[in-house]
Amino acid sequence: MLELTLLDLLIIGAYLIGMLLVGVYFVKRIKNPGDYYVAGRTLGPVVLTATVCATIIGGSAMMGRAGLAFTDGFKCVMTAVPYLIGMFIFSGLAGRIQKVGATYGITSIPELFSRRFGKSSKCILAVMVALTMMGTVAAQVTATATIIRLLGDQVGISYEMGALIATIIFFVYTAASGLFGVVYTDVLQFFMLLIFVYLMVPTASVIEIGSISEFWANLDKSYLIPRIDGEILGDIVTYLVFTMAGAEMWQRSFAAKDAKSARRGMFCGTAVYAVTIFLILFMGLAAQQILPTVVSDYGSPDAVIPALAVKVLPPGLTGLAVAGILSVMMSTADSYLLVSVQTCVHDLGKTVKKDMDSKMEILLSRIFSIILALGALIIALYIKSAYDVLMFAWSFYAAAAGLPALAALYWKKATTAGILSAMIGGFVVCVGWKLAGQPFGLGAAVPGAIACGVLLLTVSLATCKKHPSVMLE
């Protein structure tokens, strides 16, 4: 097993404490729910670029895809590119999302659905958002616990204890500071990740192997051959459709100070993500040559990048790299946790208790940060693969909410009946397909999204004349 020096452990500890202190510092910026959920709509393009990129290259994306690169090669690129394409498309939508949010005082997708299609659609979507976001937080807990397990022999911490530590860190500064703390810690985490992980680890890996030409000579070229099967197709559809209704990116768009900032921030953050896709592929394939027994040593391919960092970097830089890896999981976990909290308290809670005042809403938001984080911990303890947790969380949401979200923004003929039938139908078909063992090896998001689209189109067209919805201009 690989070991970290005392210097590295001190650097990692100092970093984690620093992130908690940042969260405490931003407590004083929280004056109302708008500050807590959308940072007072003050985010400019530079901050948005950093927070968007830090969020979308989270622990499950980075560590999970590096594990895929190690075991399946080019599959990690094939599942990442659809998300990339979807994010570039979403960059074009971000300006309209910001404009609608600012004009109507909307801070979430369920709130948008409530404006167009009524409370029933809002509540159904809110439940889906909360479950999906909690599952995504669980993926970050899983990834973080995998790193701590890597260090377990040194400090005597198990996977379960590592998962608990990760959960506590996630909810403390999310509960304390809301989106203000989330986005400004994301800026620091963004630069740490780029410098100490995406630049230093690949460079040191090449030095460890000897040269690029030696890496290429030793590489099994079969890992670079693209292949498509039903499972991969399901993942591709999940990633592509999920971006259209990714609640955390909608929240960032609502938080932008203007439409131009929303578009630029989303586009630039996505462009940086594009570069990281191929760096992850390289690190996974490099680990085959440097650490061929990493899976048997650590019990999961998710350990590829942290194990690689410990192997190829000198003391000090290793600690900074591991802190950078932890930072990306924190940046994703806090974003998704905040969205799930907003959904439970603001979207569902205020539907039940309309007279909830701002002080009570912020208090409940902090309480739910703890409750939902503990729910994510339970999921992480049962499903110990970051990639599996992520795909479980995203598939039914992509199938049920992706197309309805686009319709809410752009299709005048979309109706309440069409939206409700689409969401319920997409969810039922997706979950049913999974329970049936995914016939023909086809990922559940594919039939789920098809069912959702067909129901949205047919039911809306059948009811739009008698029961039209109000388009938000």
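Residues numbered from 1 in each chain as written. Predicted model: local features only at pLDDT ≥ 70, side-chain atom pairs only at ≥ 80, totals over all residues. Heavy atoms only, no water.

Visitor: Explain the overall build of the chain here, please?
Guide: On a plain count of helices and strands, the chain comes out with 20 helices and 0 strands. A total accessible area of about 17100 Å² is found for the chain, and carbon and sulfur atoms account for 70% of it. (Helix = DSSP H or I, 4+ residues; strand = E, 2+ residues; numbered from the N terminus. Areas by Shrake-Rupley, 256 points an atom, 1.4 Å probe, with all protein chains shown as cover.)

Visitor: Whenever I open this one, the packing of helix α5 (residues 75-104) against helix α11 (residues 230-242) confuses me. Can you help?
Guide: Packed helix pairs are characterised by how far apart their axes lie and by the angle those axes make with each other. Closest axis-to-axis distance for the α5/α11 pair is 7 Å, and the angle between their directions is 25 degrees. Considering the angle they form, α5 stands roughly parallel to α11. By crossing handedness, the relation of α5 to α11 is classed as right-handed. Counting all contacts with α5, which are made through K75, M78, T79, P82, Y83, I85 and G86, the residues of α11 involved are E231, I232, D235, I236, Y239, L240 and F242. For the contact of α5 with α11, the class distribution of residues is 9 nonpolar, 2 polar and 3 charged. (Axes fitted to C-alpha atoms, helices over the stretch in contact; angles between N-to-C directions. Parallel < 35°, antiparallel > 145°, perpendicular 65-115°, else oblique. Left-handed = near helix turned anticlockwise from the far one by under 90°. Contact = heavy atoms within 4.5 Å. Nonpolar A, V, L, I, M, F, W, Y, C, P; charged D, E, K, R; others polar.)

Visitor: What am I meant to see in α11 here?
Guide: Along an α-helix, residues three or four positions apart point the same way, because every turn accommodates 3.6 residues. Here α11 spans 18 Å end to end across 13 residues, near enough to the 18 Å set by a 1.5 Å rise per residue. Along α11, the positions that sit buried rather than exposed are G230, I232, G234, D235, I236, V237, T238, Y239, V241 and F242. (Expected span 1.5 Å × (residues − 1). Buried < 20%, exposed > 50% of the residue type's maximum accessible area, 1.4 Å probe, protein only.)

Visitor: Which parts of the structure should I look at to understand the side chain of S469?
Guide: Assignment of secondary structure puts S469 in the segment after α20 (445-463). Within the local environment of S469, its side chain forms a polar contact with the side chain of R116, the two groups lying 2.5 Å apart. In terms of polar contacts, S469 uses its side chain to reach the backbone carbonyl oxygen of A414, at 2.6 Å. Setting aside chain neighbours within four positions, we find S469 in contact with R116, F117, K412, A414 and T415. (Polar contact = N/O pair within 3.5 Å; in protein donor to acceptor, adjacent residues only side chain to side chain.)

Visitor: Would you mind going over unusual backbone geometry with me for this structure?
Guide: Leaving glycine aside, a negative phi is the common case for residues, and trans is the common case for peptide bonds. Positive phi values are uncommon outside glycine, yet Q438 reaches one of about 55 degrees. For Q438, the location among the structural elements is in the loop between α19 (416-435) and α20.

Visitor: Explanation requested: the packing of aromatic side chains in the structure shown.
Guide: Per the stated rule, a full pass over the model turns up 4 aromatic pairs. Where F88 meets F267, the ring centres are 5.2 Å apart and the plane angle is 50 degrees; that geometry is what we call tilted. In this pair, F88 sits in helix α5 while F267 sits in helix α13 (residues 259-290), placing the two residues 179 residues apart along the sequence. Cation over ring: R96 sits above Y410, and NZ or CZ is 5.6 Å from the ring centre. Across the ring face of W216, the terminal group of K221 is positioned such that the distance to the ring centre comes to 4.9 Å. (Phe/Tyr/Trp six-rings, centres within 6.5 Å; stacked < 30°, edge-to-face > 60°. Lys NZ or Arg CZ within 6 Å of the ring centre and 35° of its normal.)

Visitor: I tried to follow helix α17 (residues 358-382) on my own but got confused; where do I start?
Guide: Here α17 is 25 residues long and its end C-alpha atoms lie 36 Å apart, about the 36 Å a rise of 1.5 Å per residue gives. Taken as a whole, α17 has its buried residues at E361, I362, S365, S369, L372, A373, G375, A376, L377 and A380.

Visitor: Would you take a moment to explain the packing of α11 against α20 for this structure?
Guide: The geometry of α11 relative to α20 is characterised by a closest axis approach of 8 Å and an angle of 45 degrees between their N-to-C directions. When the axes of α11 and α20 are compared, the pair comes out oblique. Listed contacts from α20 to L233, G234, V237 and T238 of α11 are A445, V446 and A449. Along the lines of polarity and charge, the residues of the contact of α11 with α20 split into 5 nonpolar, 2 polar and no charged.

Visitor: I tried to follow the environment of F440 on my own but got confused; where do I start?
Guide: Relative to the helices and strands, F440 resides in the loop between α19 and α20. You can call F440 exposed: its relative accessible area is 80%.

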